[in-house]
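# Descriptive structure summary
Listed below are the residues making up each chain.
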Amino acid sequence: MSDSIMSKAATMEIPINSNGDTGTLAEDDSLEQDLQQVMVSGPNLNETSIVSGGYGGPAGGIIPTSSIKGPAVHYNPDYLDGRRAPAVGPDIRMKSRGVNLPKSQSAAGHLAQHSGPSHHSTHSPPEDASRGVAVEKLDTVKKWGINTYKCTKQMFSERFGRGSRTVDLELEAQIDLLRDTKSKYELILRLASALTTHFLNMVQTQQALGDTFTDLSQKSPELQDEFGYNAETQKLLCKNGESLLGAINFFVSSVDTLVNKTMEDTLMTIRHYENARLEFDAYRSDLEELSLGPRDAAAVARIEMAQQEYQIHRDKYERLRSDVTIKLKFLEENKVKVMHKQLLLFHNAISAYFAGNQQQLEQTLIQFNVKLKPPGSDKPSWLEEQ
C-alpha cells in the first residue's frame, strides 16, 4: 500500500502557481512572499501534508508526507525574477519581514539599471552661452552703478565746495568762447530765416500785384500804358527778389551747417571730455581717500585696484582733452573761412538788390556759385504726396 502511494506521489506535479494564473498579481505576490519565507526558515516536511485534487488518492484526499524524502518544492530564483513586477510595495513588505532581496530583484535595482547617473549630465552649449551673456550683462550693470555713484558723489562735492576738480584754464576759456559764439550765430540764423520768410512774402505779393496790373491793363484801354508800366516794374522786382532770396537761402543754409553740424560736433566732443574729467576726478578722489586710510592687506589690494582705475580714466581724460584742442583749432579755421565767404555774399546781394543793379546781383550769384531754384521746386511732387 505504501509503495503505491509513493509511486503516485512521485508522479504528481505540484506547480507553483496552482492557486491561479500568471495574470493574478495579488495572489502571485502572496505566494512569492510565502515561498521566500519558506526558503528562509526552511520547510518542515514532517509536519506538512499535500492535498491532491483528482489523482485517485484516498477518500480524504490527504497524502501523509512523513515518508517522502527530499523537498517537495524546488525554488527557482530565475522564474521569480521573470514574474516579479518592479513595484516598490512588495520590497518594503519583504524587508519588514526580514528578507534581504538581491539588488537585481528590488525596485531600486531596476531603477538603477534603467536610469543613468544624473550627476554626469552636462549643460548644452546654448545654455552655457545664455548664462555667459547674463553674467556679462550683470557685470556691466554693476560697473555702471559703481561709476555712477562715484561721479554723482564727485559732482555734489564740487558744487558744495567740498571737492577739488581738475581745471585747464586755457581750454576752459576756449570752450566758453565757443558756446558764446554758437549762441550768437544761432541768433543770426534765426534773424536771417525770419528775413527770408518776410522777403518771400513780399516777393509773392509783388508777383500777385504784377499779375493784377497785367490783367487790368488788358481790361482798361484808357489806363493800359500805366498798368503795363507798373506790371513790368513789379515783375522785374519779383525777378530780382527771387535772386536775392536765392542768395539769402544760401547764406542761411551755410550758417545752419556751421552751427548745427560743425559746432555741435565739437560741443559733443567737449561734453565727452567733461564727463571724462568728472570720472577722472572721482577716481582720483577715491584713490586719495584710500591712500589716507590703513595699510592692511585688504586696503593695499583696494588701493592697487583704485590705482588701475585711476590710470585708465586719466588716459581717457588726456586723450579727450587732446581731441577737444584739435577740434577747436580746426573749427576756428573753418568758421573764419565759411563766414568770410557768406558775409561777402550777403553784403553784395543786398547792396545790388536795393541799388536796383540787376547785373551786379546776377554776377554776385555767379561768383559765389549760387543756383536759383525754379518756382514751385520746394513743393513735393505728385508722386511724393501719394
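### A look at the overall build of the protein
What the protein contains, in helices and strands, is 11 helices and 2 strands. For the protein, the sequential pattern of α-helices and β-strands runs α-α-β-β-α-α-α-α-α-α-α-α-α. For the protein, restricting intrachain contacts to residue pairs at least 6 apart in sequence, the fraction spanning at least 24 positions comes to 74%. Taken as a whole, the protein presents about 26,400 Å² of accessible surface, with 57% of it coming from carbon and sulfur.

### Describing the side chain of Thr181
Mapped onto the fold, Thr181 is located in helix α7 (residues 169-219). For Thr181, a relative accessible area of 13% translates into the label buried. Every residue in contact with Thr181, bar those within four places of it in the chain, is listed here: Met263 and Lys335.

### Regarding the packing of aromatic side chains
The relative placement of two aromatic rings is captured by the distance of their centres and the angle of their planes. Following the criterion strictly, the structure yields 8 aromatic pairs and no others. Note on Phe213 and Phe227: the rings are 6.0 Å apart at their centroids and 35 degrees apart in plane angle, and the pair reads as tilted. Separated by 14 residues along the polypeptide, Phe213 in helix α7 and Phe227 in helix α8 (residues 224-291) bring together distant segments of the chain. Looking at Phe213, the relative accessible area reads 16%, which means it is buried. Take Phe227: its relative accessible area is 18%, and that puts it in the buried class. Note on Phe251 and Phe346: the rings are 4.9 Å apart at their centroids and 40 degrees apart in plane angle, and the pair reads as tilted. Note that Phe251 is positioned in helix α8 and Phe346 in helix α9 (residues 297-354), a separation of 95 residues in sequence. For Phe346, a relative accessible area of 26% puts it in the partly exposed group.

### As for unusual backbone geometry
The backbone phi angle of Asn369 is positive, close to 55 degrees, even though this residue is not glycine. Residue placement: Asn369 occurs in the loop between α10 (358-367) and α11 (382-385). According to the relative accessible area criterion, Asn369 is exposed, its value standing at 55%.

### A short note on the side chain of Thr266
Topologically, Thr266 is positioned in helix α8. With residues up to four places along the chain from it excluded, the contact list for Thr266 reads Leu178, Lys327, Leu328 and Leu331.

### Quick look at the pattern of salt bridges
For the coordinates displayed, the defined rule picks out 17 salt bridges. Here Asp286 and Lys150 are joined by a salt bridge, their closest N and O atoms 2.8 Å apart. With Asp286 in helix α8 and Lys150 in helix α6 (residues 125-159), this residue pair connects regions lying 136 residues apart in the sequence. Both residues of the pair, Asp286 and Lys150, belong to the buried class. For Arg284, the salt bridge goes to Glu288, with nearest N and O atoms at 3.2 Å. Taken together, the residues span about one helical turn, with Arg284 and Glu288 both in helix α8 at a distance of 4 residues. Owing to a relative accessible area of 14%, Arg284 belongs among the buried residues under this scheme. Of the residues examined, Glu288 reaches a relative accessible area of 42% and is grouped as partly exposed. Each of Lys182, Glu186, Glu264 and Arg271 takes part in a single network of salt bridges with overlapping partners.

### Focus: the nonpolar core
Ranked by internal contacts, the top residues of the largest apolar core, which has 42 residues, are Ile175, Leu178, Met263, Ile270, Tyr273, Val324 and Leu328. For this core, the secondary structure elements donating two or more residues are α7, α8, α9 and α10. At 17 residues, the largest contribution of residues to this core is made by α8. In this structure Ile175 touches Ile270, Tyr273, Val324 and Leu328, once residues within four positions along its chain are discounted.

### A few points about the packing of α7 against α8
Closest axis-to-axis distance for the α7/α8 pair is 7 Å, and the angle between their directions is 160 degrees. Relative to α8, α7 is oriented roughly antiparallel. The element α7 and its partner α8 pack so that their crossing is left-handed. Considering only residue class, the contact of α7 with α8 consists of 30 nonpolar, 16 polar and 9 charged.

### Observations regarding the environment of Thr196
Summarising the element assignment, Thr196 is placed in helix α7. For Thr196, the residues in contact, after removing those within four places along its chain, are Leu245, Ile248, Asn249 and Val252.

### Examining the packing of α7 against α9
Running from N to C, α7 and α9 cross one another at 25 degrees; their axes reach a closest spacing of 12 Å. Comparing their axes, α9 and α7 come out roughly parallel. Handedness of the crossing formed by α7 with α9: left-handed. In contact with Leu171, Gln174, Ile175, Leu178, Thr181, Tyr185, Leu195, Phe199, Met202 and Gln206 of α7, α9 contributes Arg321, Val324, Thr325, Leu328, Leu331, Lys335, Met339, Phe346 and Tyr353. Residues belonging to the contact of α7 with α9 are distributed by class as follows: 13 nonpolar, 4 polar and 2 charged.

### Some points on the confidence of the model for the protein
Considering every residue of the protein, the mean pLDDT works out to 75; 64% of them sit at 70 or more. Predicted confidence in the protein is weakest over strand β1 (residues 49-51), with a mean pLDDT of 42, and strongest over α7, with 93. The low-confidence segment residues 101-121 (pLDDT under 50) makes 15 contacts with residues lying over four places distant or belonging to another chain.

Reading the values: the criteria
Residues numbered from 1 in each chain as written. Predicted model: local features only at pLDDT ≥ 70, side-chain atom pairs only at ≥ 80, totals over all residues. Heavy atoms only, no water. Helix = DSSP H or I, 4+ residues; strand = E, 2+ residues; numbered from the N terminus. Contact = heavy atoms within 4.5 Å. Areas by Shrake-Rupley, 256 points an atom, 1.4 Å probe, with all protein chains shown as cover. Buried < 20%, exposed > 50% of the residue type's maximum accessible area, 1.4 Å probe, protein only. Phe/Tyr/Trp six-rings, centres within 6.5 Å; stacked < 30°, edge-to-face > 60°. Salt bridge = Lys/Arg side-chain N within 4 Å of Asp/Glu carboxyl O. Core = buried A, V, L, I, M, F, W, Y, C linked by side-chain atoms within 4.5 Å. Axes fitted to C-alpha atoms, helices over the stretch in contact; angles between N-to-C directions. Parallel < 35°, antiparallel > 145°, perpendicular 65-115°, else oblique. Left-handed = near helix turned anticlockwise from the far one by under 90°. Nonpolar A, V, L, I, M, F, W, Y, C, P; charged D, E, K, R; others polar. pLDDT = per-residue confidence, 0-100.

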